[in-house]
Each structure stands twice: as C-alpha cells, then as structure tokens.
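Below are the chains, spelled out letter by letter.
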Amino acid sequence: MKLVGDKSTAFAAKPKRTIWAALAYCDDEGVANDAAKALTAAWVGQDDDAEIVSLVDDEIRKDPALLYDELEARSLLGGKRLIRVRTSGDKIAGHLRDIVELADGSPDRFEAKLVVTAGALQKKSKLRAAFEAAKTAASLQLFADELGDVSDLIRDTLNQFHVTIAEDAVSALATHLPGHRRMVHAELEKLALYALGLDRPLTVADVRKVCVPGLDASADAYVSAVFDRDLPGALDALDRLTVSGTSAITLIRALQRETQRLLAVASLGPAAGPEAGMKLRPPVFRSQWPALSRRAKSWPSPLLSRILERIFDLEYQAKQHGPIADTALKQLTVQMTTPLPHRG
C-alpha cells in the first residue's frame, strides 16, 4: 500500500488494523524518524511490557536470519513486540521484500510489528516497490518540512515542555531551521532547558543566544553570496556546506525564503521603511532592513519570480530524485551569480 504526504502522517498516527509493517522514508530522515515514533506509539501503546528491538541494515545483511528470528520471537514478558530497522537504501531490499510477501500470504506469520526508516529513495527503489506492492504493509512517502510546518512544530513541542515563545521568536527560529527535523528537536530541547525558571516567553534574543549560530552563519553566507552575485564565494560556501552534510533541500529552502523576502520587500514600494518590514511575515527586523532593501532594488521582481519558479522545480527534483538535486543546485548557483551580458 502506498501513501504520500499528509496521508502518510495520518496513517502513522492511526494505522489500519490490517497493516502490520511500514516503511517511512524522507530526504529529511528526522521526519521519517518522527513517523516511526508515531507508529511505534500507536502499535505499542501503553504496554509497559512491550519490547522494541532496533536493527540496522548492516546487521541484517551479515545475518539475514536475524530479522526473521526477531519477528517470529514471542515476548518473554507477554507484551507486544516491535522491530525498528534503519536502512540507507536498497542494501536489504531483497530480504524485506521476502518478509512482506510472506506476511501477505500468511498474515499471522510474524509475532512482532515492523517499522523500517530510510532517507531519500529513488522512484526505482526496490525497497519502495516491495512495500508499495504489499497488501499488509504500507509505504509512507513523507516530505521535508515547509516553513509553516516548522513553526507549528516549534509551538507544539515547546508547549509540551510548558514553555511559551513569542511569535517573532517562532518566525526567527523557523527561518533558521527548515528541513532539519532532528536539528529542530535538538534546538528545542536546548531552548526548553534554557527556559526553566525564566517565567516569561522566549524572545528573539533568546533564540539567537541559544540556537545554531554555526549552521545559520554558513547557510547565510551561501545565500548572501548568491544574491550578491559573488560566484567564488557562493561556490566555496556551497562546497563547505555539502561536505558538512547539509542537504540540498535545506539550501534550496534558504534560497526560496530569501527570494520570497525580496519579493515581499519589493512589493512594499521604494518609499517603504523598517516599520513596514516589521509587518511582513516572517518580519524583516530593523537591523536587516538596510541590506535587504538594497538587495531588493538590485533584483527586479520579474527576475525574482522566474527564480522562484526554478527553485520550486528544483525542490521537486530534490524530493523525487535525491542526489540529482546537488548538481542542479550548483547549476542554479552559477546562473544566479553570473552577471547578465550587457546589451548596448
């Protein structure tokens, strides 16, 4: 069974009774991991005697019988059992295909539930195909967070810690952390600890003090170089971010946000000042206004609109084809930073 996007998220929270196994995958592995947690909670529930066994693909590849043994074993305490498997692609696709096909033929074959998580998977992935074709297993295709999704996640997570946060601080933090679900969780845990005994809502100053200055500076350096048409600087920043493991979709989203901000600033008109920028969503803070307004004047709105279309196309490639997006992002970087030929 194949589910995509919101349907995958809804299934993870409330899986069908006829489904015993699921594959959750996303180019942001943190999103896939959160879906796996939701499935685990739905299938295990409040069972104090539940057993959750975690395996990685290399363990199964070396000993294929290991996964069968874990799935067939009964709990010594009589509780529910669930097997979590992390894989980096199609390394064990054949073993998992055999398992879901066995379960389709014999629904009561395995004692435990099965949850498999993966990062980006190609359309031709054998792992995807196996779960999509199964009758009693589900393939959950998830997508990296949009800016609004991250904002909701920030509010909901901090609320669980009984921490309040100002809306401009939510906007600032969400802008820093697109497409990095694991990083969002890590930063929110730090903020929650920081807020203990604070007795006031978290502010933008708190966010800047506590959260990810290193990553933000690197991504900002890349975006600034692109929109300043600094080709060597943009390529150098892109290479450093790629080596550090920053995903293409994170940088695509960073370009998207800046393009949208420049279009929003341009729409205010040439006479607009910092006060107007503060009313935008997310707001343009007073300290950012001079540089952003100068930049908006150097990029005509029709050109920004065409760039935004290219960025949306590039995001689609990143979701569908994974590694291809790295090359396409570099090509877009070169095109945006190369001055247009002068026509006399």
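Quick note: structure is the one above.
As the structure is a prediction and not an experimental result, all values here were calculated from the model.

(A) Focus on the environment of Arg181. Considering the arrangement of structural elements, one finds Arg181 in helix 9 (residues 181-195). Using a relative accessible area of 13% as the deciding quantity, one classes Arg181 as buried.

(B) Region of the structure containing the nonpolar core. Counting 30 residues, the largest nonpolar core has Tyr222, Val226, Phe227, Leu255, Val265, Leu329 and Met336 as its most contacted members. Of all elements in the fold, only helix 11 (213-227), helix 12 (231-243), helix 13 (248-267), helix 15 (289-298), helix 16 (301-321) and helix 17 (324-337) reach the threshold of two or more residues within this core. Looking at this core, the element that brings in the most residues is helix 13, giving 7 residues. Sequence-distant contacts of Phe227, that is, excluding residues within four places in its chain, are made with Leu255, Glu258, Thr259, Leu262, Arg295, Trp299, Leu304 and Met336. In this structure, Val85, Ile92, Ile99 and Val116 belong to the second largest nonpolar core, which totals 28 residues.

(C) View of the packing of aromatic side chains. Under the criterion given, the structure shown has 2 aromatic pairs. Judged by centre distance (5.3 Å) and plane angle (25°), the ring pair of Trp20 and Phe110 falls under stacked. Taken as a pair, Trp20 in the loop between helix 1 (6-13) and strand 2 (21-25) and Phe110 in the loop between helix 5 (93-105) and strand 5 (113-118) lie far apart in primary sequence, 90 residues in all. Of the two residues, Trp20 and Phe110, both sit in the buried class.

(D) Structural view of the environment of Ile83. Looking at the secondary structure, you find Ile83 in strand 4 (residues 81-86). Sequence separation between Ile83 and Thr40 is 43 residues, and the spatial gap between their C-alpha atoms is 9.3 Å. With sequence-adjacent residues up to four places away left out, Ile83 is seen in contact with Val53, Leu55, Leu67, Glu70, Leu71, Ala112, Lys113, Leu114 and Val115.

(E) Focus on unusual backbone geometry. Phi angles above zero are rare outside glycine, and His162 is one such case at about 60°. Within the secondary structure layout, His162 lies in the loop between helix 7 (147-160) and helix 8 (167-176). By relative accessible area, His162 is classed as exposed at 74%. Non-glycine residue Asp199 carries a positive phi angle of around 60°. As for its placement among the helices and strands, Asp199 is situated in the loop between helix 9 and helix 10 (204-210).

(F) Seen up close, the pattern of salt bridges. Evaluation of the coordinates by the stated rule reveals 15 salt bridges. Residue Arg61 pairs with Asp58 through a salt bridge whose shortest N-O separation is 3.1 Å. Of this pair, Arg61 and Asp58 both sit in helix 3 (residues 57-62), 3 residues apart, roughly one helical turn. Among the salt bridges present, the one from Arg200 reaches Asp206, with a minimum N-O distance of 2.8 Å. Exposure remark for Arg200: the relative accessible area of 39% places this residue in the partly exposed category.

(G) Molecular detail of the pairing of strand 5. Of all 6 residues in strand 5, 5 are buried; the element is thus mostly enclosed. Inspection of the sheet shows strand 2 paired to strand 5 by 5 bridges, in the parallel sense. Counterpart to Ala24 in the pairing with strand 5 is Thr117. As paired strands, strand 4 and strand 5 are joined by 5 bridges and run parallel to one another. Residue Arg86 lies in a different strand from strand 5, and its bridge partner there is Thr117.

Conventions we followed
- Numbers given for residues are sequential positions, taken from 1 along each chain in its written order.
- Only residues with pLDDT of 70 or above have their local features reported here, since the model is predicted, and side-chain atom pairs are shown and tallied only from 80 upward, although totals for entire chains, interfaces and linings are computed over all residues.
- With hydrogens and water excluded, all non-hydrogen atoms of the structure serve as input to the side-chain values.
- Labels follow the DSSP assignment, with helices taken as runs of H or I lasting at least four residues and strands as runs of E lasting at least two, numbered in each case from the N terminus.
- A simple rule labels every residue: compare its accessible area, found with a 1.4 Å probe on the protein chains alone, to the largest value its type can have, and call it buried under 20%, exposed over 50%, or partly exposed in between.
- By nonpolar core is meant a set of buried Ala, Val, Leu, Ile, Met, Phe, Trp, Tyr and Cys residues that side-chain atoms within 4.5 Å join together.
- The criterion used for residue contact is that any of the two residues' heavy atoms lie within 4.5 Å.
- Pairing of aromatic rings covers Phe, Tyr and Trp, the last through its six-membered ring, and needs centres within 6.5 Å; plane angles under 30 degrees mean stacked, over 60 mean edge-to-face, and all others mean tilted.
- For this document, the term salt bridge refers to a Lys or Arg side-chain nitrogen within 4 Å of an Asp or Glu carboxyl oxygen.
- Paired strands, as defined in this entry, are two strands with at least two bridges between them according to DSSP.

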